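# Notes for the structure review
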Amino acid sequence: MRRAANLTVVAPTGFESLDGMGARAETAGGTVFLGNRLLMDTQKLALGQLEAEATRLQGDGRTVVHVAQAARVIGLIAIADAIRPTAKAAVAKLRDQKIEVVMLTGDNVATARRIAADLGIDSVLADVLPGQKADKVKALQAAGKKVGMVGDGVNDAPALTQANVGFAIGAGTDVAMESADVVLMKSDPYDIVAAIALSRATVRKMHQNLWWAVGYNVIAFPLAAGVLYPFVLSPEVAALSMSGSTLIVAINALLLKRTKLEGIKHARLQSAPLADAPVSSGGAA
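The structure presented is a predicted model; accordingly, all values stated were derived computationally and were not measured.

Helix and strand counts for the protein come out as 10 helices and 13 strands. Residues classed as buried in the protein amount to 35% of the 285 residues present. Considering only intrachain contacts with a sequence separation of at least 6, the fraction spanning at least 24 residues in the protein is 52%. Taken as a whole, the protein presents about 16700 Å² of accessible surface, with 60% of it coming from carbon and sulfur.

Okay, structure coming up:
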């Protein structure tokens, strides 16, 4: 950008975004294509001497963007994903809970597998076009899994909607946050673990309160109706008991505030990147 600051650049014409591949435009020097290897192959553009360099960069875990002009590949741009400090700890914790983690990405296989290995992810779905992400989630669901999809981009929105639970990164796009069920406001992947822990604690409280209410009524109603005569409840005692039952349920629900969401603070000391990742489980994600 510093070099281009002093250049006189004529605005291109005929710009076109090519889904899952890149973009094209017309310039004074000819048609320019900017995108992945699939775009170069589609346009039958040979990398020539740049092929070895592209392979090396991909092997280093970088996403390679190819630049072609006038039917010739003229350069490469290597991009590396930003590191999310708690990603590796989040993946490890999910695996400890018997939750399968799958990396779902549009990056090439070599880059995806290298990052997945660093994160401890065994299942990788790479070279996935934007329109295919929701289909991949459907395939996991068809295999009997409940899927939680984590994403932050415009292309993730259909998959976030398709998943049983969609988790959007707070620093992501508006459409992703609107499509998701849960928004991670701190953009911290470890908060996925916290969200699951809080959800399970909430369900436990619901079950506890349900069983208390059912058990109370199963005993109290026959006593109040005189079914177990001479053991009966007077109207005064019945009214107090009903109020006491409501109070117990409310207090039990409020105890949810004491749930400890383990590991959030110390996990931030660890470091690893996180790509778009559906977390799936044979039970519940």
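Here we take up helix H4 (residues 109–119). Regarding H4, the residues found buried are Thr111, Ala112, Ile115, Ala116 and Leu119. With its buried residues spanning 125° around the axis, H4 presents them on a single face. Counted as exposed and oriented over 90 degrees from the buried face of H4: Arg113 and Ala117.

Here the focus is the sheet that holds strand S5 (residues 72–79). Judged by pairing direction, the sheet is antiparallel, and its five strands sit side by side in the order S1-S2-S3-S4-S5 without closing on themselves. The open sheet has two edge strands with one neighbour each: strand S1 (13–18) and S5. For this sheet, the mean angle separating the axes of adjacent strands, direction not counted, is 15°. As judged from the six bridges shared by strand S2 (residues 22–27) and strand S3 (residues 30–35), these two strands associate in the antiparallel manner. Along S3, the bridge assignment pairs arginine 24 with phenylalanine 33. Along the sheet face, helix H2 (residues 50–59) touches strand S4 (63–69) and S5 and points at about 15° away from the line of S5.

Another aspect to go through is the confidence of the model for the protein. Predicted confidence across the protein gives a mean pLDDT of 83, with 89% of residues reaching 70 or more. Note that pLDDT drops below 50 for residues 280–285; the model gives that stretch 20 contacts with residues more than four away or on any other chain.

Now for the nonpolar core. Leu94, Met103, Leu119, Ile121, Phe167 and Ile192 are the most contacted members of the largest nonpolar core, which totals 22 residues. Put simply, the parts of the chain that give this core at least two residues each are helix H3 (87–96), strand S7 (100–104), H4, strand S10 (165–169) and helix H8 (191–225). Not counting chain neighbours up to four residues away, the residues in contact with phenylalanine 167 comprise Gly148, Met149, Val150, Gly151, Leu160, Ala180, Val182, Leu184, Ile192 and Ala195. Counting residues in hydrophobic clusters, the runner-up holds 12 residues, among them Leu104, Val137, Leu140 and Ala159.

Moving on: the pattern of salt bridges. This structure, assessed with the given rule, holds nine salt bridges. One salt bridge connects lysine 186 with aspartate 191, and the closest N-O pair in it is separated by 3.8 Å. Each of Glu16, Arg24 and Glu26 takes part in a single network of salt bridges with overlapping partners.

Our focus in this paragraph is the pairing of S3. Between S2 and S3, which pair antiparallel one after the other, the connecting turn spans two residues. As paired strands, S3 and S4 are joined by four bridges and run antiparallel to one another. Looking at S4, one finds that leucine 34 is bridged to valine 67.

All right, on to unusual backbone geometry then. Look at alanine 71: it is not a glycine, yet its phi comes out positive at around 65°. Relative to the assigned elements, alanine 71 resides in the loop between S4 and S5. Unusually for a residue other than glycine, serine 187 sits at a positive phi of about 55°. Tracing the backbone shows serine 187 in the loop between strand S11 (182–184) and H8.

By the bridge criterion, four bridges tie S1 to S2 in an arrangement that is antiparallel. Within S2, the position partnered with glutamate 16 by the bridge is arginine 24. Turn length for the S1-S2 hairpin, with the two strands adjacent in sequence and antiparallel, is three residues, and the turn residue glycine 20 shows positive phi of about 75°.

Looking now at the side chain of serine 187. Serine 187 gets classed as buried once you look at its relative accessible area, which sits at 16%. A distance of 3.0 Å separates a polar side-chain atom of serine 187 from the backbone nitrogen of alanine 171. Every residue in contact with serine 187, bar those within four places of it in the chain, is listed here: Arg84, Ile169, Gly170 and Ala171.

The next point concerns the environment of leucine 198. Relative to the elements of secondary structure, leucine 198 occurs in helix H8. On the basis of relative accessibility, which here comes to 38%, the residue leucine 198 falls in the partly exposed class. Considering only alpha carbons, one finds leucine 198 and threonine 259, 61 residues apart in sequence, at a separation of 7.3 Å.

So, about a nonpolar patch on the surface. Residues Leu210, Trp211, Val214, Val218 and Ile219 make up a contiguous nonpolar surface patch of about 560 Å² in total accessible area. Within the secondary structure, leucine 210 sits in helix H8.

What counts and how
- Residues numbered from 1 in each chain as written.
- Predicted model: local features only at pLDDT ≥ 70, side-chain atom pairs only at ≥ 80, totals over all residues.
- Heavy atoms only, no water.
- Helix = DSSP H or I, 4+ residues; strand = E, 2+ residues; numbered from the N terminus.
- Buried < 20%, exposed > 50% of the residue type's maximum accessible area, 1.4 Å probe, protein only.
- Contact = heavy atoms within 4.5 Å.
- Areas by Shrake-Rupley, 256 points an atom, 1.4 Å probe, with all protein chains shown as cover.
- Arc of directions from axis to C-beta.
- Pairing = 2+ DSSP bridges.
- Axes fitted to C-alpha atoms, helices over the stretch in contact; angles between N-to-C directions.
- pLDDT = per-residue confidence, 0-100.
- Core = buried A, V, L, I, M, F, W, Y, C linked by side-chain atoms within 4.5 Å.
- Salt bridge = Lys/Arg side-chain N within 4 Å of Asp/Glu carboxyl O.
- Polar contact = N/O pair within 3.5 Å; in protein donor to acceptor, adjacent residues only side chain to side chain.
- Patch = residues over 30% accessible without salt bridge, like charges linked within 9 Å, V, L, I, M, F, W, Y side chains within 5 Å.

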